[in-house]
Amino acid sequence: MNTGNIENLNQTIDSLYAASQSKLAENIKKFSEAILNESNLTKDQQNEVLESLDIITKELFQKPENRRKTVVNTLMGGISKAIELTANSLTVWQILYPLLRNFF
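Residues numbered from 1 in each chain as written. Predicted model: local features only at pLDDT ≥ 70, side-chain atom pairs only at ≥ 80, totals over all residues. Heavy atoms only, no water.

Draft legend 1. Fine view of the overall build of the chain. Looking only at helices and strands, the chain features five helices and zero strands. Along the chain, from the amino end to the carboxyl end, the secondary structure elements read α-α-α-α-α. By the compact-globule yardstick of 13 Å for 104 residues, the chain fits well, its C-alpha radius of gyration being 13 Å. Along the first, second and third principal axes, the C-alpha atoms of the chain reach 35 × 25 × 25 Å. In the chain, which comprises 104 residues, the proportion classed as buried is 38%. Considering only residue pairs separated by 6 or more positions, the chain has 63% of its internal contacts joining residues 24 or more positions apart. Carbon together with sulfur atoms contributes 48% to the accessible area of the chain, which is approximately 5900 Å² in total. Distance between charge centroids for the chain: 7 Å, based on 11 positive and 12 negative side chains. (Helix = DSSP H or I, 4+ residues; strand = E, 2+ residues; numbered from the N terminus. Rg over C-alpha atoms; globule rule 2.2 N^0.38 Å. Buried < 20%, exposed > 50% of the residue type's maximum accessible area, 1.4 Å probe, protein only. Contact = heavy atoms within 4.5 Å. Areas by Shrake-Rupley, 256 points an atom, 1.4 Å probe, with all protein chains shown as cover. Lys, Arg positive; Asp, Glu negative; His and termini not counted. Charge placed at Lys NZ, Arg CZ, Asp CG, Glu CD.)

Draft legend 2. Broad picture of the packing of helix H4 (residues 69-82) against helix H5 (residues 87-101). One way to put it is that H4 packs onto H5 with a least axis distance of 12 Å and a crossing angle of 175 degrees. Taken together, the axes of H4 and H5 are roughly antiparallel relative to one another. Contacts between H4 and H5 involve Asn73, Met76, Ile79 and Ser80 from the former and Trp93, Tyr97, Leu100 and Arg101 from the latter. (Axes fitted to C-alpha atoms, helices over the stretch in contact; angles between N-to-C directions. Parallel < 35°, antiparallel > 145°, perpendicular 65-115°, else oblique.)

Draft legend 3. Seen up close, the side chain of Thr57. Inspection of the secondary structure assignment puts Thr57 in helix H3 (residues 43-59). Residue Thr57 is classed as buried on the basis of its relative accessible area, which comes to 0%. From its side chain, Thr57 meets the backbone oxygen of Asp54 in a polar contact 3.0 Å long. Once residues lying within four places of it in the same chain are set aside, the contact partners of Thr57 are Leu9, Thr12 and Ile28. (Polar contact = N/O pair within 3.5 Å; in protein donor to acceptor, adjacent residues only side chain to side chain.)

Draft legend 4. Summary view of the packing of aromatic side chains. Applying the stated criterion across every chain yields a total of two aromatic pairs. Ring centres 5.5 Å apart and planes at 65 degrees place the aromatic pair Trp93 and Tyr97 in the edge-to-face group. Pair noted here: Trp93 and Tyr97 are both in helix H5, with a separation of four residues, about one helical turn. Above the ring of Phe104, the side-chain terminus of Arg67 is found at 5.7 Å from the ring centroid. (Phe/Tyr/Trp six-rings, centres within 6.5 Å; stacked < 30°, edge-to-face > 60°. Lys NZ or Arg CZ within 6 Å of the ring centre and 35° of its normal.)

Draft legend 5. Structural detail: the pattern of salt bridges. Throughout the structure, instances matching the rule amount to two salt bridges. Salt-bridge contacts for Asp54 lead to Lys58; the nearest nitrogen and oxygen are separated by 2.8 Å. Of this pair, Asp54 and Lys58 both sit in helix H3, four residues apart, which is roughly one turn of that helix. Take Lys58: its relative accessible area is 39%, and that puts it in the partly exposed class. (Salt bridge = Lys/Arg side-chain N within 4 Å of Asp/Glu carboxyl O.)

Purely spatial values, then, with no claim about function.
See the structure below:
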């Protein structure tokens, strides 16, 4: 497991709490935990999803006009595809996805 992605996501979550984005922060945390606990995903798939989420959440801190929307859309589509058969992760993703879309 790539602990760098987890550390980066934890920093992002802390930054979102500090920026009064607690609902988004809580759902990113829940989703990350669901991915780490998802037995239907291989370690490589878990890493891919968490790395994608890390890149997406980094874009949240860019000025809206500087956000890489095409990259984010591609990564979000990849996450959706990777977890489509994993009930627990998918349930949390269905909450997190629209929250993230509001920024892109």
